[in-house]
Structure formats: C-alpha cells, structure tokens
Amino acid sequence: MKKGLLKKITALSMVAIMSLGFVGCGDSDKKEEKEEKKEPAVEFSEEVSFDEATGEFTYLGVGGTVPEGYTYSEDMTAAQTVSFLYQSEDMSVVNALVVNIDYQNQVAEADAIDQFDTQIKAVYGDQCTSKEVTYNGNKCTEWDIADPNGAYGGRSAVICDGEMLIYVEFVTVGDDASDYEAFMNTVVY
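Rules and cut-offs
- Residues numbered from 1 in each chain as written.
- Predicted model: local features only at pLDDT ≥ 70, side-chain atom pairs only at ≥ 80, totals over all residues.
- Heavy atoms only, no water.
- Helix = DSSP H or I, 4+ residues; strand = E, 2+ residues; numbered from the N terminus.
- Buried < 20%, exposed > 50% of the residue type's maximum accessible area, 1.4 Å probe, protein only.
- Contact = heavy atoms within 4.5 Å.
- Areas by Shrake-Rupley, 256 points an atom, 1.4 Å probe, with all protein chains shown as cover.
- pLDDT = per-residue confidence, 0-100.
- Pairing = 2+ DSSP bridges.
- Axes fitted to C-alpha atoms, helices over the stretch in contact; angles between N-to-C directions.

Asks: Is there a simple way to explain the overall build of the protein in this structure?
Replies: Looking only at helices and strands, the protein has three helices and ten strands in total. Going residue by residue from the N terminus, the α and β elements of the protein occur as α-β-β-β-β-β-β-α-β-β-β-β-α. Evaluated residue by residue, the protein yields a buried proportion of 49% over its 189 residues. Once local pairs closer than 6 in sequence are excluded, the contacts in the protein between residues at least 24 apart make up 55%. Per element, the accessible surface of the protein, about 9,700 Å² overall, is 45% carbon and sulfur.

Asks: How should I be thinking about the confidence of the model for the protein in this particular structure?
Replies: In low-pLDDT segments, the atomic positions of the prediction should not be examined closely. Residues with a pLDDT of 70 or more make up 78% of the protein, whose mean pLDDT is 84. Per-residue pLDDT stays below 50 along residues 24-35; that stretch engages in 26 contacts with residues further than four places along the chain or on separate chains.

Asks: Is there a simple way to explain the sheet that holds strand S2 (residues 56-59) in this structure?
Replies: The pairing of strands in a sheet happens through backbone hydrogen bonds and is either parallel or antiparallel. Taken together, the three strands give an open sheet; going across it, the order is S1-S2-S3, and neighbouring strands pair in antiparallel fashion. At either margin of the open sheet sits one strand with a lone partner, and together these are strand S1 (49-51) and strand S3 (62-65). Strand-to-strand, the axes of this sheet are offset by a mean angle of 5°, without reference to chain direction. Bridging between S1 and S2 involves three bridges; their strand directions are antiparallel. When the bridges of S2 are listed, Asp 51 appears paired with Glu 56.

Pasting the structure below:
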C-alpha cells in the first residue's frame, strides 16, 4: 500500500464534506410539518465527546458507536462535522467515516435529497445510485459512491426529518462496507 493513500482518502473525504456538508442549510418554502416531534435521544453538546475504548461519540445532539480501531480526527474536523479514521498497521485498509450535522435544518426532506444527489454526483460521478433504507429506525437515503474503477469503495447517507439533517460519508480502500453499516445501526439523535 502506498504511503500517500491515507492522505488521498483524507483529501477525498474532506473535499466531499466541504462540498456537501451544508447543502441542506437554509430556508425552504416547502418545509414539511412533522406529525410528532421526536424527543432528543442524545444530550446536545457543542463539544465532541469520543470514547476510544468504546467507540461511542456524541456531538450536537447526535450519537453513535464507531467500530473498533477508529480514532477521532481533529485534523479532518470542520464546523458541525466530526471525523474518524481507521488504518491498519500495514496500510492495507484505510477508512474515513465523516458525520456532518445540521441541527437547525430548515430544508424539507425531498429538497435536501435532491440537493445532495446533485452534489454527490458532481463529486463522485454520475454512476452514483441511491435508495431508501432504514438503519436503527432512522429512514435515510443512501448513495453508493464507490469509484467505478475500483480505487475506493464508499457509501453516504442523508437523514433529514425537517429539524435535523445528518450526512454520513464512508470511504474505504477496498469494498467492505461493514464498518459503515455497523456505525449506521447505532446512530441516534
């Protein structure tokens, strides 16, 4: 594995997050009314809390458990974004998991999905496909963002309920999305 691979994965994820992170911010005339207000599952904190021993993190009212071996990356963290990196000792596996949170979202779900679809395809290519899925009771739209030439695998997801917008991006050298799925099955807000 080449030494510059971690930098490439890090740069790729940060370019995407910077391009996509706040795509849903702003007002929308089509804001959907929520039938029932969801009580926060995680305490709101403007400071990232991450326990390397358990992999649990909380930030801006969102929590989850990052798979074993990931470390919190302050170098990759931007406003309202928390990032985690994993790399094996021999660099044969390098993963980036990035979570962007807009806890004051004003964009309707359909509008946010359309905007993210446009931006994801602009960053990762028109081959990216999406589908609706549910993880841990959270309905989301998920994209396959893998490189068509096999240089990296990846998925991204948007959870949008009219108040909270959570964007998760996972990029890996290889095609194993098990860490992404394990993480998504723990996301609470």
